[in-house]
Amino acid sequence: SARPVIAADSPLKRQFFRPDEEIVLVPPGNPGALADAIRRLRADPAWRARLAEAGQRAAVRHFSLDKVGRRMTDVLSAAIERRRGVVGQNPHPPL
């Protein structure tokens, strides 16, 4: 079952999630803002449910096993290709 997420704000989170639509972001190290976010979620069950469902859809959209697996394959393939380019060259030619 989907759950709403409250997290410390960062540019990376904003790249993947829309604040107040898919995630609640609070300033890092600000317990008052965290408490306010919890109160807001508790006070509005309909918003809490929408946020949870939308956040789960966003997480699946960006971080599904298939998508992450493809990204890892791409990264590893690129690293192998770079390494092959180096292997064919002698990085320390004789003096």
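Since we're looking at a predicted model, the values are computed, not measured. (Residues numbered from 1 in each chain as written. Predicted model: local features only at pLDDT ≥ 70, side-chain atom pairs only at ≥ 80, totals over all residues. Heavy atoms only, no water.)

## Section: the packing of aromatic side chains
Tallied over the full model, the rule gives two aromatic pairs. For the ring pair Phe16 and Phe63, a centre distance of 5.0 Å and an interplane angle of 55 degrees mean the geometry is tilted. Taken together, the residues span a long stretch of sequence, with Phe16 in helix α1 (residues 11–16) and Phe63 in helix α3 (residues 45–63) at a distance of 47 residues. Judged by its relative accessible area of 39%, Phe63 falls in the partly exposed class. Linked through ring pairs, Phe16, Phe17 and Phe63 together constitute an aromatic cluster. (Phe/Tyr/Trp six-rings, centres within 6.5 Å; stacked < 30°, edge-to-face > 60°. Helix = DSSP H or I, 4+ residues; strand = E, 2+ residues; numbered from the N terminus. Buried < 20%, exposed > 50% of the residue type's maximum accessible area, 1.4 Å probe, protein only.)

## Describing the side chain of Glu22
When you line up the elements, Glu22 lands in the loop between α1 and β2 (24–26). Judged by its relative accessible area of 5%, Glu22 is buried. Among the polar contacts listed, one links the side chain of Glu22 to the side chain of Arg61, at a separation of 3.3 Å. Contact partners of Glu22, with chain neighbours within four places excluded, come to Phe16, Phe17, Leu51, Ala54, Gly55, Ala58 and Arg61. (Polar contact = N/O pair within 3.5 Å; in protein donor to acceptor, adjacent residues only side chain to side chain. Contact = heavy atoms within 4.5 Å.)

## Section: α3
A rise of 1.5 Å per residue sets the reference length of α3, with its 19 residues, at 27 Å; its end C-alpha atoms lie 26 Å apart and thus fit the reference within 8%. Inspection of α3 places Trp47, Leu51, Ala52, Ala54, Gly55, Ala58 and His62 among the buried residues, and these make up the whole buried set. (Expected span 1.5 Å × (residues − 1).)

## What about a nonpolar patch on the surface?
A grouping of Phe63, Val68, Met72 and Leu76 is seen on the molecular surface, where their side chains present a nonpolar patch of about 340 Å² in accessible area. Broken down by element, the residue count for the nonpolar patch peaks at three residues, all from helix α4 (residues 65–87). (Patch = residues over 30% accessible without salt bridge, like charges linked within 9 Å, V, L, I, M, F, W, Y side chains within 5 Å. Areas by Shrake-Rupley, 256 points an atom, 1.4 Å probe, with all protein chains shown as cover. Salt bridge = Lys/Arg side-chain N within 4 Å of Asp/Glu carboxyl O.)

## Considering the packing of helix α2 (residues 31–43) against α3
Where α2 meets α3, the axes come as close as 5 Å, and the angle between the chain directions of the two elements is 105 degrees. In terms of orientation, α2 lies roughly perpendicular with respect to α3. Contact with α2, carried on its side by Arg40, Leu41, Arg42 and Ala43, involves Pro45, Trp47, Arg48 and Leu51 of α3 and no other residues of that element. By residue class, the composition of the contact of α2 with α3 is five nonpolar, no polar and three charged. (Axes fitted to C-alpha atoms, helices over the stretch in contact; angles between N-to-C directions. Parallel < 35°, antiparallel > 145°, perpendicular 65-115°, else oblique. Nonpolar A, V, L, I, M, F, W, Y, C, P; charged D, E, K, R; others polar.)

## Overview of the pattern of salt bridges
According to the stated counting rule, one finds eight salt bridges in the structure shown. Residue Asp20 pairs with Arg40 through a salt bridge whose shortest N-O separation is 3.4 Å. You can see Asp20 sitting in the loop between α1 and β2 and its partner Arg40 sitting in helix α2, a full 20 residues away along the chain. Across the pair Glu81 and Arg84 runs a salt bridge, and its minimum N-O distance is 2.7 Å. Placement of the pair is Glu81 and Arg84 together in helix α4, with a separation of three residues, close to one helical turn. You can call Glu81 partly exposed: its relative accessible area is 49%. A relative accessible area of 55% places Arg84 in the exposed class. Here the residues in one salt-bridge network are Arg18, Glu21, Glu22 and Arg61, joined through shared partners.

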